[in-house]
Amino acid sequence: MTTPKLELRGVWKAFGDKEVLRDVGLVVDHHDVVCMIGSSGSGKSTLLKCVNLLVPIDDGTILLDGADITASGVNQNRVREAMGIVFQSFNLFPHMNVLDNITLSPRKVHGVPRADAEEKAKGLLERFGLSEKVVEYPDRLSGGEQQRVAVIRALATEPDLMLFDEVTSALDPELVAEVLDVIRGLKDVGMTMVIATHEMGFARDVADQVCFLDQGRILEHGPPKQIFSTPQEPRTQQFLQRIIDAGRL
Amino acid sequence: MNDRSSLDEFDGGPGLLGPPHAPRGREEGTRAALIAFASTVIFIVVALWAILTSNAWPAVQKQFFNWDHFVAVFPEVLGGFWLDIKMFLFAEVVILAFSLMIAMIRSLRGPAFFPLRALAIIFIDLIRGIPVILLILLLGFGVPALQLPGVPKSALFWGLTALIISYSAYTAEVYRAGIESVHESQRMSARSLGLTQGQALRYVIVPQAIRNVIPALLNGFVSLQKDVALVLILGIREAVREADIYAASTFNYTGYIAAALLFLLVSVPVARFTDWYTDRDRRKKQSVST
Ligand SMILES: Nc1ncnc2c1ncn2[C@@H]1O[C@H](COP(=O)(O)OP(=O)(O)O)[C@@H](O)[C@H]1O
Ligand SMILES: [Mg+2]
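Residues numbered from 1 in each chain as written. Chains lettered and ligands numbered in written order. Predicted model: local features only at pLDDT ≥ 70, side-chain atom pairs only at ≥ 80, totals over all residues. Heavy atoms only, no water.

**Concerning the overall build of chain A**
To keep things clear, this is the line we draw: Helix and strand labels come from DSSP, where a helix needs a run of H or I of at least four residues and a strand needs a run of E of at least two; each type is numbered from the N terminus. The atom set for the radius of gyration is the C-alpha atoms, and the globule formula is 2.2 Å times the number of residues raised to the power 0.38. A simple rule labels every residue: compare its accessible area, found with a 1.4 Å probe on the protein chains alone, to the largest value its type can have, and call it buried under 20%, exposed over 50%, or partly exposed in between. Here, two residues are considered to be in contact whenever any of their heavy atoms come within 4.5 Å of each other. All accessible-area figures derive from a Shrake-Rupley calculation using a 1.4 Å probe, and residue coverage is judged against the displayed protein chains alone.
Looking only at helices and strands, chain A has 9 helices and 10 strands in total. On C-alpha atoms alone, chain A measures out to a radius of gyration of 18 Å, which is about the 18 Å that the 2.2 N^0.38 rule sets for 249 residues. Projected onto its principal axes, the C-alpha coordinates of chain A cover approximately 55 × 45 × 40 Å. Each of the 249 residues in chain A was classed as buried or not, and the buried ones make up 55%. The long-range share in chain A, meaning contacts at least 24 apart out of those at least 6 apart in sequence, stands at 65%. Of the roughly 11,000 Å² of accessible surface on chain A, 46% is carried by carbon and sulfur atoms.

**Brief notes about the pairing of strand 9 (residues 209-214) of chain A**
Residue and element names in this part refer to chain A. Our working definition: If DSSP finds at least two bridges between two strands, the strands pair.
Burial analysis of strand 9 places 6 of its 6 residues in the buried class, the great majority of the element. Taking every second residue as pointing to the same face, both faces of strand 9 are buried, with Gln209, Cys211 and Leu213 on one and Val210, Phe212 and Asp214 on the other. Bridge analysis of strand 9 against strand 10 (residues 217-222) gives 5 bridges, and the strand direction is antiparallel. Paired with Asp214 across the two strands is Arg217, which belongs to strand 10. Counting the residues between successive antiparallel strands, the hairpin from strand 9 to strand 10 contains 2 residues, one of them, Gln215, with a positive phi of roughly 50°.

**Observations regarding the sheet that holds strand 7 (residues 161-165) of chain A**
Residue and element names in this part refer to chain A. Filter applied, for reference: The convention used is that axes are lines fitted to C-alpha atoms, helices contributing only their stretch in contact, and that angles between N-to-C directions extend from 0 to 180 degrees.
Ordered in space as 6-7-8-3-9-10, the 6 strands form an open sheet in which the pairing is mixed. Two strands close off the open sheet at either side, each with one partner strand: strand 6 (83-86) and strand 10. With strand direction ignored, the average angle separating the axes of adjacent strands in the sheet is 15°. Contacts between helix 6 (residues 173-188) and the sheet are confined to strand 3 (33-37), strand 7 and strand 8 (192-196), with strand 8 contributing the most and set at about 150° to the helix.

**Some thoughts on the packing of aromatic side chains**
Definition in use: Two rings belonging to Phe, Tyr or Trp (six-membered ring only in the last case) form a pair when the distance between their centres is within 6.5 Å. Interplanar angles under 30 degrees mark stacking, angles over 60 mark edge-to-face geometry, and anything in between is tilted. Note on criteria: charge over ring means Lys NZ or Arg CZ within 6 Å of the ring centre, with the direction from the centre no more than 35 degrees off the ring normal.
A complete count under the given rule lists 12 aromatic pairs over all chains for this structure. Their ring planes at 35° and their centres at 5.7 Å tell us that B:Phe273 and B:Trp276 sit as a pair that is tilted. Placement of the pair is B:Phe273 and B:Trp276 together in helix 11 (residues 254-289), with a separation of 3 residues, close to one helical turn. A relative accessible area of 41% means that B:Phe273 is categorised as partly exposed. Feature note: the residues B:Phe64, B:Tyr253 and B:Tyr256 constitute an aromatic cluster, connected by ring pairs. Between A:Arg153 and the ring centre of A:Phe93, over which it is positioned, the NZ or CZ distance is 4.3 Å.

**Overview of the nonpolar core**
Residue and element names in this part refer to chain A. Our working rule: As used here, the term nonpolar core means buried Ala, Val, Leu, Ile, Met, Phe, Trp, Tyr and Cys residues forming a set that is joined through side-chain atoms within 4.5 Å.
Counting residues in each nonpolar core, the largest one holds 49 residues, and the members touching the most others are Ile37, Met162, Phe164 and Met193. Considering every element that reaches this core, the biggest residue donor is helix 6, with 7 residues. In this structure Met193 touches Asp32, Val33, Val34, Leu161, Met162, Phe164, Ile183, Leu186 and Lys187, once residues within four positions along its chain are discounted. Grouped together as the second largest cluster of nonpolar side chains are 32 residues, Leu26, Met36, Leu53 and Val55 included.

**Overview of the interface of chain A and chain B**
Note the threshold: Summed over both partners, buried area is the accessible surface (1.4 Å probe) that two parts give up on being assembled. Polar contact is the term for a pair of N or O atoms within 3.5 Å; when the atoms are in protein, one must be able to donate a hydrogen and the other to accept it, and sequence-neighboring residues count only if both atoms are side-chain atoms. Gly falls in the polar group here, along with every residue not listed as nonpolar (Ala, Val, Leu, Ile, Met, Phe, Trp, Tyr, Cys, Pro) or charged (Asp, Glu, Lys, Arg).
Taken together, the contact pairs 22 residues of chain A with 18 residues of chain B. Around 1,800 Å² of area is buried between chain A and chain B when both sides are counted, 63% of it from carbon and sulfur atoms. For chain A, the biggest contributors to the area lost against chain B are A:Phe93, A:His95 and A:Lys108; these three give 29% of the whole. The interface formed by chain A and chain B holds 7 residue pairs in polar contact (both at pLDDT 80 or more) in total. Those elements that place two or more of their residues in the side of chain A that touches chain B are helix 2 (76-81), strand 6, helix 3 (98-108) and helix 5 (143-155) of chain A. A class-by-class count of the residues in the side of chain A that touches chain B yields 11 nonpolar, 5 polar and 6 charged.

**Brief notes about the packing of helix 5 of chain A against helix 6 of chain A**
Residues and elements named next belong to chain A. As a reminder of what qualifies: By the definition adopted for this analysis, an angle is roughly parallel if under 35 degrees, roughly antiparallel if over 145, roughly perpendicular if from 65 to 115, and oblique otherwise. Helix crossings fall into two classes, left-handed where the near helix is turned counterclockwise from the far one by less than a right angle and right-handed where it is turned clockwise.
Where helix 5 meets helix 6, the axes come as close as 8 Å, and the angle between the chain directions of the two elements is 20°. When the axis of helix 5 is compared with that of helix 6, the two are roughly parallel. As for how helix 5 packs across helix 6, the hand of that crossing is right-handed. Touching Gly143, Gly144, Glu145, Gln147, Arg148, Val151 and Leu155 of helix 5 are Leu175, Glu178, Val179, Val182 and Leu186, all from helix 6. Among the residues forming the contact of helix 5 with helix 6, the class breakdown is 6 nonpolar, 3 polar and 3 charged.

**Concerning the sheet that holds strand 2 (residues 18-28) of chain A**
Residues and elements named next belong to chain A. As summarised here, the arrangement of the 4 strands in space is 2-1-4-5, forming an open sheet in which the pairing is antiparallel. The strands lining the two open edges of the sheet, one partner per strand, are strand 2 and strand 5 (67-68). In this sheet, strand 5 lies alongside strand 4 (residues 59-64) in antiparallel orientation, the contact comprising 2 bridges. Counterpart to Leu64 in the pairing with strand 5 is Ala67. Along the sheet face, helix 1 (residues 44-51) touches strand 1 (6-15), strand 2 and strand 4 and points at about 120° away from the line of strand 1.

So this is what it looks like as structure tokens:
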């Protein structure tokens, strides 16, 4: 058995008195796509931020390629370089144009010469249909374009694990597809991904494994077919029923 | 249409208060400008007339607005003012850099940086609690008196140092307000891309922060440009000191007016520029958010 790409063991996290993650365990194999679903406030964002070490965990371990990244003395910046994360609100740097947004980390963190970084960034922009936006500033882009640039920015440092936190939730409906297509494209090239999403149809399509998060616990997980067709837990059934009633599945 | 014409009638009056509503069209804009101009002229004429015809005026004119004295004192005052300008420019550059460093240190997170953070806070609190003039006296007279080997003894050096330290404490707080005005998600994005805290500050947070506080920094310019004159207390012959020396020997204060005019010559344009910039910035932000 090979070591999984990412593994969480007994992860706990509280903000003050509020327990947000409770004994979370998760195994993500290489090239797998895991979708996290669950109602708002169930802890999806916190889980992803913990994996990216943006939020320190209280207990448990997180292993990346078998190495404990939550141990003391770990160089957190090096760990973050190895994965990319994209947030719900695109968070592009408003004072930099598209190219500078994308090349900042390769140049300053990885020491890639400017010319090389820019050439690579332009390649990525072309691949995702954004060639014309190279020197545009973020406030001149549509939400969908901004979010695609945010994905490219995260990809520019060649991570082999990508984390997505409800990346289409802030988008107008007609812009959702273009962003989801980008993620589908990443699945096709074998990217390992953990995706928090409210797009159930997308999760069913793209996920190898779906986790239902409820009040900080992974209540149920399995292949999408099983979770969406024959959910075992009453809470999962209720959640999916609400989604179906809202016409979103 | 009826209330329009009654408004016009109102506008057509003396118009000392300007138009009662914001101008709507181009024509009304021109009219508003004309009214503003006319009312200003009237105001100035009336004020001048009141001053120049008062009983005290001849004495005031002799003491403060004497042309012969003006011609006599101006070269000295101008020479001193040139020193003021040089002090201002040098101090401002150092202040902008030094205070930014303090503000960045103050914004570092995590327990490892606690001692540095504490130092920055102590510095800011202490310095802001001491009057500038006291700091100038303390360093300007105090340090040279120590006769320490290898330490500069120039009053100018220590006077400027006092100004720089004092203004840096204030300016650091201006920067910090700017840094805190940048949304937390920007810091998080930067960190998630592998940037260190320092890199995130330098490339992502601070450039945005500075944009947000440029008006406040410009206000600081105006303030410092005047406060450099405080080093006169150390006997440094800048503009006000020169006017002072002249006044002491002639009992005529026209030199002060000459110095005041020179300071105004610099500070008024900066103040106008600050307003213009702030206004433009606000309008830009509004047009983005709509
Ligand atoms: N920085 C924080 N401080 C305090 N509470 C937080 C913080 N971040 C998240 N929470 C709380 O943790 C819970 C889970 O939030 P989150 O992980 O954002 O859930 P989700 O992404 O599933 O909507 C919520 O109740 C939220 O209010
Ligand atoms: Mg969330």
